[in-house]
Amino acid sequence: MIVCVCNAIREDDIRAAARCGAPCAVSAYRSIDCEVQCGHCVPYADELIAKERAALLAVCSKHAA
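Worth saying up front: this structure is predicted, and the values here are computed from it rather than measured. (Residues numbered from 1 in each chain as written. Predicted model: local features only at pLDDT ≥ 70, side-chain atom pairs only at ≥ 80, totals over all residues. Heavy atoms only, no water.)

Student: Residue-level account of the overall build of the protein chain, with values.
Tutor: Assigned secondary structure in the protein chain consists of 3 helices and 2 strands. Put simply, the protein chain runs from its N terminus to its C terminus through helices and strands in the order β-β-α-α-α. Across its three principal axes, the protein chain shows a C-alpha extent of roughly 45 × 20 × 15 Å. Here the protein chain holds 65 residues, and the buried ones make up 28% of them. Considering only contacts in the protein chain between residues 6 or more positions apart, those separated by 24 or more positions represent 53%. Accessible surface, the protein chain as shown: approximately 4,300 Å² in total, 58% of it carbon and sulfur. Taking the 7 positively charged and 8 negatively charged side chains of the protein chain as two groups, their mean positions are separated by 7 Å. (Helix = DSSP H or I, 4+ residues; strand = E, 2+ residues; numbered from the N terminus. Buried < 20%, exposed > 50% of the residue type's maximum accessible area, 1.4 Å probe, protein only. Contact = heavy atoms within 4.5 Å. Areas by Shrake-Rupley, 256 points an atom, 1.4 Å probe, with all protein chains shown as cover. Lys, Arg positive; Asp, Glu negative; His and termini not counted. Charge placed at Lys NZ, Arg CZ, Asp CG, Glu CD.)

Student: Which residues make up the pattern of salt bridges, and what values do they have?
Tutor: If you walk through the whole model with that rule in mind, you get 6 salt bridges. Between Arg-15 and Glu-52 there is a salt bridge, with its nearest N and O atoms 2.9 Å apart. Placement of the pair is Arg-15 in helix α1 (residues 11–19) and Glu-52 in helix α3 (residues 42–64), with a sequence separation of 37 residues. Under the relative-accessibility criterion, Glu-52 is labelled buried at 12%. The salt bridge partner of Lys-51 is Glu-47, with a shortest N-O separation of 3.2 Å. Pair noted here: Lys-51 and Glu-47 are both in helix α3, with a separation of 4 residues, about one helical turn. Look at Lys-51 and you get partly exposed, because its relative accessible area is 49%. Each of the salt bridges in this network shares a partner with another, and the network as a whole consists of Glu-11, Arg-15, Arg-19 and Glu-52. (Salt bridge = Lys/Arg side-chain N within 4 Å of Asp/Glu carboxyl O.)

Student: Talk me through the nonpolar core; I want residue IDs and the actual numbers.
Tutor: Core analysis: the largest hydrophobic core is formed by 15 residues, its most contacted members being Val-3, Ile-9, Ile-14, Ala-28, Tyr-29 and Ala-45. Every element with two or more residues in this core is listed here: β1 (2–4), α1, α2 (25–31) and α3. Beyond its immediate chain neighbours, meaning those up to four positions away, Ala-45 contacts Val-3, Ile-14, Ala-25 and Tyr-29. (Core = buried A, V, L, I, M, F, W, Y, C linked by side-chain atoms within 4.5 Å.)

Here is the structure:
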């Protein structure tokens, strides 16, 4: 699914950036050599990043226990 039409950024791109440590949409976009353009996608991208990072934290916590 396309998250950012301006940059043709897909959901998988945002999730991958989050797994690599991007804490927000701006950082995720920079990691794939893009910049936020119109900004309409930022809330959804931030939501995806938060979910991906929470899932990673859950996995890490499970393995540490």
